[in-house]
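Architecture and fold: a report
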Protein chains: 2
Amino acid sequence: MPSYTAPNRDFRFIINEMLDLGSHGNLPGFEHASEDMVNSILEEAGKFTSEVIAPLNQIGDREGCVRHEDGSVTTPTGFKQAFDQYREAGWGTLTQPEELGGQGLPQVIGFALKEMMSSANMAFGMYPGLTNGAIAALLAKGSPEQIEKYVPRMVSCEWTGTMNLTEPHCGTDLGLIRTKAEPQADGSYLITGTKIFISAGEHDLADNIIHLVLAKTPGAPDSSKGISLFVVPKFLVNDDGSLGDRNGVSCGSIEHKMGIHGNSTCVLNYDEAKGWLVGEENKGLAAMFIMMNEARLGVGMQGLSQAEVAYQNAVAYALDRRQGRALTGPADPEAKADPIFVHPDVRRMLMDAKVFNEGMRALCLWGALQEDLSHKAPDEGDRKAAMDMISLLTPVIKGYGTDKGYEVATNMQQVFGGHGYIEEWGMSQFVRDARIAMIYEGTNGVQAMDLCGRKLAQNGGAAIQAFFAMCDADIAAAKEVDGLKDLAEALDKALGQQKAATMWFMQNAMANPNNLGAGAHHYMHIMGIVTLGLMWLRMARVALEKLAGEPSDKGFYEAKLVSARYYAERYLPDAGALRRKLEAGAEAMMALDAEAFQTAA
Amino acid sequence: MPSYTAPNRDFRFIINEMLDLGSHGNLPGFEHASEDMVNSILEEAGKFTSEVIAPLNQIGDREGCVRHEDGSVTTPTGFKQAFDQYREAGWGTLTQPEELGGQGLPQVIGFALKEMMSSANMAFGMYPGLTNGAIAALLAKGSPEQIEKYVPRMVSCEWTGTMNLTEPHCGTDLGLIRTKAEPQADGSYLITGTKIFISAGEHDLADNIIHLVLAKTPGAPDSSKGISLFVVPKFLVNDDGSLGDRNGVSCGSIEHKMGIHGNSTCVLNYDEAKGWLVGEENKGLAAMFIMMNEARLGVGMQGLSQAEVAYQNAVAYALDRRQGRALTGPADPEAKADPIFVHPDVRRMLMDAKVFNEGMRALCLWGALQEDLSHKAPDEGDRKAAMDMISLLTPVIKGYGTDKGYEVATNMQQVFGGHGYIEEWGMSQFVRDARIAMIYEGTNGVQAMDLCGRKLAQNGGAAIQAFFAMCDADIAAAKEVDGLKDLAEALDKALGQQKAATMWFMQNAMANPNNLGAGAHHYMHIMGIVTLGLMWLRMARVALEKLAGEPSDKGFYEAKLVSARYYAERYLPDAGALRRKLEAGAEAMMALDAEAFQTAA
């Protein structure tokens, strides 16, 4: 059976040493996040996720969720008890506002918990994960009454939340939505329609489920400008907070999916379900994007999470499984064969995984700090800068993070040879679970277009220019430091590819917008490569500084330097190839008509 | 439900126009393979695979194989009837020797059938596929009596065959095998041990199963030099050819796999099963490699097969599903949205698939022609050259073909968005089935080492030098042709990267063999990219020639030219990045010890 250990040494390195969370003590909530407090939260979270949540991962995959004839849904064995423990320990309250029952801690800490939850059991982690997204939308757009009515009990995890966007005929293009909202005399609406792919749509973990639903009011514009957001509780909530009637929303079926079997992905049928408008009419898409952006960062982290847990198990297997001899002569002459860890191709896959995971973890946590700064920095300019940065990076974290997360999980399965293909070993599940992260919350193609079609151009390219300036500054400083020069130069070269690609877009996208679309995916990957390179430069800098102080765990910091070098050797070269592909433009890509793609017998 | 159409126009293009099979009419068996005959075999095979075999693919995935208490195994609904049809139509006899009941047709035609079978239903295709491997080993190493006893009924598909290599503790490193073979007075052996991952190990499709089993005789060397090959029939065969007693081999369990559920992957327990030595004692590995090499080409084709069928279904979906608008303005203003086929990122994935599939198909069929030439060319030098070439290319076809096949299948699933993750759509199965091809018959890491550690150096590098000379000649000729110049130059550049990488190995592998191991996977991909580039150059050349004749299906040939250009734009650039990675060597890759990989809490 696979196992999971929270990578707490690495979390501490990133949070305390690289991000230096202590230096942000002036931000609200950060005063409670002393190094000791952070370390003890990580320790407890590590125990909880590895001991309580992880052992349910394979069970969830095997059993899946069961829909009963009355439309109720039972989650896999142990999920309910584990969610009770999650609720009772208050894990859901970590980063939520204190006035609503939360602990007001930094997002950085919340993100660390999210990674652990998702590594331990991605399907399970989605139940609280989606609740967080729904809370964020209500906090941003809900009325004070709505917030008071729903949010505290979602923070406490008495209730969970969902997002209802997709319908059978529409996913990405939400302008096509058909679900209707009929206004009633009492100010409520009656919601009717079918939603599909609703994660955590129905289950037995909580007393109530708060659905956030996109629908169209009568006469609304026939486009994405005619969508409104509604809150539709599974059970109506009386004014005294007690639960009232069952609302007209029910689970029609549970999807048969490639993975995340432990999460109930539902078809939800709305049949004159009572709902209330959240925010303004016809402004639902903007509200949904608040959940979306929160969710997209979470999904990017899911890519990392599966790569991480798959990596841990592949390392254990590579050290245990004996097959063949080291190319340089027997490593363990007493035994009949060496552990496969000695084989360079196995090491290649493990190193590829290690440097992706650690780099991606740094990116996610640094991104979380930008989230915090965007809300909490005292200076408005700082808030704006942080908001621009995380907004620019969100599609990269989601798109690059999940593309690579899936690739790494696949490679870790490869380390197991034939055993990797056998379900009992658990590696197949990591791959199958990781696969959805490239698709949901906007496919990675949508992420690429969000990055290139929207984020790059916003405010005259201010965000990407700020990103370049930040990279330039880090690189310039590192070039002055012995031991960072090579890495800084390699990163500078990759950054140069990104700048050239950006310039190419500026010069060629106007003439033919397909040139942008044709290169968007390449660009997203170039930027992912550069961004992780920046993280590695920063981690290497910290490691060098620490090594100068002769620390007791020298090996940890030395490994960071080797890993940074490996990243430069094995990841950065792709930036140049991707730029060449991008600069090929749309011509050949778009030249063939439908017939040319259809198989001729 | 997904569907499959045999890409017969493309098969005809490759076989009749690019390979010009007719020009090899001097080879034995080729005289029966007139263009008309080839076309009519393709047509019949296309009908059979798409109408009979493909509809069973999802059923096989859902039902899997069932082992009963008595150890017997039932294949999924419809498999037995379909295999009866396969047998009755004589599909198994296509390329087998005429004197043993075969039709003696070229391997080129056999490979086309294999691709179709595997696209239609990969799990089903493995039953006859493994039989072919077993026949090849018996033909090469079996005694005349063994051949007479077993082969005709395997050719006719009355019986099927298996390969038994893997044991619980050993896969790649066959020197560790523990299965024992005790010699008996009558010249037979009693085989005892446990074999795992035995595809088609037990089933209800045929009256008998002929197992080829690796085992150790008493006192054999404790290494891969002490392995012998045995033939162990499920039912003993009497001298008159009738079936005798049930032999001591039984299915202990069926593995729970990520995919290919329709194939019964068995644990086989040998308990004093009666077997007979095939070939010489302690020379079993060489015999097994005959099956292996045959099987590896078949597995490379499995990568293509899943990429192809996934592509066909993704094209259909992309033309049907409407979401959003073309970046250049509505393509279908009457409708509420355009087909997603208009989006460049969808087109990117489809074009990536198209040019891989067509290039890989050309490579597999050209490889099959080398197989034919290696056995049938009148001149010994020609036979040797063809043998060297296919031997060099086998790990590339297997390793590169399945790495990319899986990637393409994954991208085709991506075209479906959320629906791609739902099992009913069938895209998940293509990905899950494709996944095994990177693992079995030697993981792709083993393929890379076979290529770089063995094949490159053989005979002083004669094979790779011949490959370079062939590429150089094609490129030089193409540079003289208007319309091929750009492609030839781009390929020349990628070939230059491969030559440089080869040189780097020569200069650095002696000093540290890990430098070879560290770059082997990169090298295999560079060579895959170059080889498919050569195929595209040849296809483009043929297309240009045909276009000069103003053919009626101009569009087909024009599409080949666009695709060749796209290949140069989107695939060839990776050769340079891979070379840079390769030249980074083993230092950072191998620098960290086990502790640095283990997660610290």
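Use the structure listed above.
All names here are of chain B. Taking 1.5 Å of rise per residue, 19 residues should cover 27 Å, and helix α2 (residues 35–53) covers 25 Å from first to last C-alpha, within 8% of that figure. Listing the buried residues of α2 in full gives Val38, Ile41, Leu42, Ala45, Gly46, Phe48, Thr49 and Ile53. Buried residues belonging to α2 abut α1 (8–18), α3 (57–63), α4 (79–89), α5 (107–120) and α6 (122–141).

Residues and elements named next belong to chain B. Within the secondary structure layout, phenylalanine 467 lies in helix α13 (residues 458–479). Sequence separation between phenylalanine 467 and aspartate 388 is 79 residues; the distance between their C-alpha atoms is 9.5 Å. Sequence-distant contacts of phenylalanine 467, defined by excluding residues within four places in its chain, comprise Met389, Leu392, Leu393, Gln498, Met527, Val530 and Thr531.

Right, let's talk about unusual backbone geometry for a bit. Residues and elements named next belong to chain B. Backbone geometry places cysteine 157, a non-glycine residue, at a positive phi of 70 degrees. Assignment of secondary structure puts cysteine 157 in the loop between α7 (144–155) and β3 (159–164). With a phi angle near 50 degrees, glutamate 550 is a residue other than glycine that sits in the positive phi range. Along the polypeptide, glutamate 550 turns up in the loop between α15 (513–548) and α16 (554–570).

Bringing the packing of aromatic side chains into the picture now. Following the criterion strictly, the structure yields 38 aromatic pairs over all chains and no others. Taking 5.3 Å as the distance between ring centres and 85 degrees as the angle between the ring planes, the aromatic pair formed by Phe597(A) and Phe341(B) counts as edge-to-face. In this pair, Phe597(A) is assigned in helix α19 (residues 594–597) and Phe341(B) in the loop between α8 (284–320) and α9 (344–376), connecting two distinct chains. Each member of the pair Phe597(A) and Phe341(B) is classed as buried. Three or more aromatic residues link up through ring pairs in this structure, and these residues are Phe48(A), Phe79(A), Phe83(A), Tyr86(A), Trp91(A) and Phe124(A). Looking at Arg246(A), its charged tip hangs above the ring of Phe235(A), at a distance of 5.6 Å from the centre. Just above the ring of Phe468(A) sits the side chain of Lys499(A); from NZ or CZ to the centre is 5.9 Å.

Looking now at the interface of chain B and chain A. Counting from both sides, the interface comprises 103 residues of chain B and, opposite them, 103 residues of chain A. Counting each side, the surface lost to burial between chain B and chain A is near 9000 Å², with a carbon and sulfur contribution of 61%. Of all residues in chain B, Tyr421(B), Arg570(B) and Phe597(B) give up the largest surface area on contact with chain A, accounting jointly for 10% of the area buried on that side. Inspection of the chain B/chain A interface yields six salt bridges. Two residues, Arg565(A) and Glu587(B), come together in a salt bridge whose shortest N-O distance is 2.9 Å. On the surface where chain B and chain A come into contact, there are 61 residue pairs in polar contact (both at pLDDT 80 or more). Residue classes in the side of chain B that touches chain A are distributed as 45 nonpolar, 30 polar and 28 charged.

Rules used in this analysis
Residues numbered from 1 in each chain as written. Chains lettered and ligands numbered in written order. Predicted model: local features only at pLDDT ≥ 70, side-chain atom pairs only at ≥ 80, totals over all residues. Heavy atoms only, no water. Helix = DSSP H or I, 4+ residues; strand = E, 2+ residues; numbered from the N terminus. Expected span 1.5 Å × (residues − 1). Buried < 20%, exposed > 50% of the residue type's maximum accessible area, 1.4 Å probe, protein only. Contact = heavy atoms within 4.5 Å. Phe/Tyr/Trp six-rings, centres within 6.5 Å; stacked < 30°, edge-to-face > 60°. Lys NZ or Arg CZ within 6 Å of the ring centre and 35° of its normal. Buried area = accessible area lost by both parts, 1.4 Å probe. Salt bridge = Lys/Arg side-chain N within 4 Å of Asp/Glu carboxyl O. Polar contact = N/O pair within 3.5 Å; in protein donor to acceptor, adjacent residues only side chain to side chain. Nonpolar A, V, L, I, M, F, W, Y, C, P; charged D, E, K, R; others polar.

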